[in-house]
Amino acid sequence: MIQPKELQQGKQLPLMEAFYTVQGEGFHTGKASFFLRIGGCDVGCSWCDVKESWNPNLHELTAVEEIVSKIDNAKVNTVVITGGEPLNYNLDLLCNLLKKKNLQIHLETSGTCDISGQFDWICLSPKKQHPPLKQFYKIADELKVIIQNEDDIAWAVENAKKVEKDCLLYLQPEWSRMDKIMQTIVDFVLDNPEWKVSLQTHKFMKIP
Ligand code: SF4
């Protein structure tokens with residue numbers, strides 16, 4: 001994909017949404033967080049619940065200064081950069097500006113593009129059809145694998161062998177398959193207590 005210069009340098013990003021809510025998933029579940037959703041993703045998960053994010057051209061190129069200025073709530077402590085796949089773009093400048101505001105920066109990534117930016121927490125969510133680059137296994141704080149069927153458990157185990165020892169391990173049922181797959185996940189976690197269950201609690205709470 002040929003990107004305009006401003007995009008390549010991370011001076012502008014296709015911002016899809018910016019909103020303050022409660023993190024619904026993984027280790028930081030329940031934490032008040034300001035979400036920046038950056039458009040653009042070619043990983044193509046069939047169950048993706050933000051398919052509107054895939055085409056970056058649908059989302060207005062926004063200067064990073066303007067993106068950061070949206071975080072005007074003095075209570076915000078944590079910013080989650082998500083997508084789409086936010087690492088489709090250089091996030092150095094965005095992260096520098098967020099750090100100047102003394103914010104904790106969390107990243108949600110599939111790990112399919114080179115790392116840029118600086119993060120206090122990296123959640124790696126590997127996808128079979130487009131596996132992560134090796135570099136992400138060294139830097140992930142949290143491995144969150146979406147489980148749609150039993151085969152995905154083997155994929156989760158394969159990924160867990162590659163992360164560092166202190167990386168936290170989560171299995172998260174794919175929302176539309178939860179009733180069918182939950183018992184398999186629970187049984188696995190009971191046998192393998194180094195893993196934990198992650199739920200999309202924001203969907204139960206009916207919040208963004
Ligand atoms: Fe959707 Fe994330 Fe998969 Fe991209 S990586 S298709 S945004 S679930």
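Along each chain, numbering runs from 1 in the same order as the chain's sequence is written. The predicted origin of the model limits local features to residues at a pLDDT of at least 70 and limits the giving and counting of side-chain atom pairs to 80 or more, whereas totals for whole chains, interfaces and linings rest on all residues. No hydrogens and no water enter the side-chain calculation; it runs on all heavy atoms of the structure.

Describing the overall build of the chain
Then step 1. Each helix corresponds to a stretch of at least 4 residues labelled H or I by DSSP, and each strand to a stretch of at least 2 residues labelled E; elements are numbered beginning at the N terminus. A tally of regular secondary structure across the chain gives seven helices and nine strands.
Then step 2. Relative to the 2.2 N^0.38 estimate, which gives 17 Å for 208 residues, the radius of gyration of the chain is 17 Å and therefore close to what a compact globule would have.
Then step 3. Overall, the C-alpha framework of the chain stretches about 50 × 35 × 30 Å when taken along its three principal axes.
Then step 4. Each residue is placed in one exposure class: buried if its accessible area under a 1.4 Å probe, protein chains only, is under 20% of its type's maximum, exposed if it is over 50%, and partly exposed if it falls in between. Among the 208 residues that make up the chain, the fraction classed as buried is 50%.
Then step 5. By element, 51% of the accessible surface of the chain is carried by carbon and sulfur atoms, the whole surface being about 10500 Å².
Then step 6. Only four residue types enter the tally: Lys and Arg on the positive side, Asp and Glu on the negative side; His and the chain ends are excluded. Charged groups are reduced to one reference atom each: NZ for lysine, CZ for arginine, CG for aspartic acid, CD for glutamic acid. Here the chain holds 23 positive side-chain charges and 28 negative ones, and the gap between their average locations is 2 Å. As defined in this context, the radius of gyration uses C-alpha atoms, and a globule is described by 2.2 Å times the residue total to the power 0.38. For the area figures, the Shrake-Rupley method with a 1.4 Å probe applies, and any residue is considered shielded solely by the protein chains shown.

Examining the side chain of glutamine 200
Then step 1. Note that glutamine 200 resides in the loop between strand E9 (195-197) and helix H7 (201-205).
Then step 2. For glutamine 200, a relative accessible area of 9% gives the class buried.
Then step 3. Polar contacts here mean pairs of N or O atoms no more than 3.5 Å apart (in protein, one a potential hydrogen donor and the other a potential acceptor; neighbouring residues in sequence count only if both atoms are side-chain atoms). Separated by 3.4 Å, the side chains of glutamine 200 and aspartate 49 make a polar contact.
Then step 4. Residues are treated as being in contact if the distance between any of their heavy atoms lies within 4.5 Å. Ignoring sequence-local partners within four residues, the contact set of glutamine 200 consists of Gly24, Glu25, Asp49, Gln172 and Trp175.

Digging into the sheet that holds strand E5 (residues 104-109)
Then step 1. Only strands that DSSP links by at least two bridges are regarded as paired with each other. Pairing is mixed across the open sheet formed by nine strands, whose spatial order is E3-E1-E2-E4-E5-E6-E7-E8-E9. Of all the strands in the sheet, just strand E3 (61-63) and E9 have a single pairing partner and so form its edges. Averaged over all adjacent pairs, the angle separating strand axes in this sheet is 30°, with direction ignored.
Then step 2. The sheet contact formed by E5 and strand E6 (residues 121-124) spans four bridges and is parallel. In this description, a line fitted to the C-alpha atoms serves as the axis of each element, helices being fitted only across the stretch in contact, and the angle between N-to-C directions of two axes falls anywhere from 0 to 180 degrees.

Remarks on the site of the ligand
Then step 1. Close to the ligand lie Cys41, Val43, Gly44, Cys45, Trp47, Cys48, Trp54, Gly84 and Lys127.
Then step 2. Class assignment of the residues belonging to the shell around the ligand gives a composition of six nonpolar, two polar and one charged. Near residues are defined by distance, with any heavy atom within 4 Å of the molecule or strand qualifying the residue. Put simply, Ala, Val, Leu, Ile, Met, Phe, Trp, Tyr, Cys and Pro go in the nonpolar bin, Asp, Glu, Lys and Arg in the charged bin, and everything else, Gly too, in the polar bin.

Brief notes about helix H3 (residues 92-100)
Then step 1. Those residues of H3 that fall on the buried side of the exposure criterion are Leu94, Cys95, Leu97 and Leu98. The buried side chains of H3 occupy one side of the element, clustering within an arc of 160° when seen end-on.
Then step 2. Of the surrounding elements, those touching the buried residues of H3 are strand E1 (12-22), strand E2 (32-38), helix H2 (64-69), strand E4 (78-82) and E5. Note that the arc is computed from the directions linking the helix axis to the C-beta atoms.

Let's talk about the environment of tryptophan 47
Then step 1. With respect to the element layout, tryptophan 47 can be found in the loop between E2 and E3.
Then step 2. On the basis of relative accessible area, tryptophan 47 is assigned to the partly exposed category, the value being 26%.
Then step 3. Expressed as a C-alpha distance, the spacing of tryptophan 47 and tryptophan 175, which sit 128 residues apart in the sequence, is 8.5 Å.
Then step 4. Beyond its immediate stretch of four places on either side in the chain, tryptophan 47 contacts Lys127, Ile146, Gln148 and Glu174.

Regarding the nonpolar core
As a rule of thumb, soluble globular proteins bury nonpolar side chains together.
Then step 1. Core analysis: the largest hydrophobic core is formed by 48 residues, its most contacted members being Ile81, Leu94, Leu98 and Leu171.
Then step 2. Excluding its chain neighbours within four sequence positions, the residues that come into contact with leucine 94 are Leu13, Leu36, Val64, Ile67, Val68 and Ile81.
Then step 3. One finds Cys41, Val43, Cys45 and Val50 within the second-largest nonpolar core, a separate group that totals five residues. We define the nonpolar core as a collection of buried residues of types Ala, Val, Leu, Ile, Met, Phe, Trp, Tyr and Cys that are connected through side-chain atoms lying within 4.5 Å of one another.

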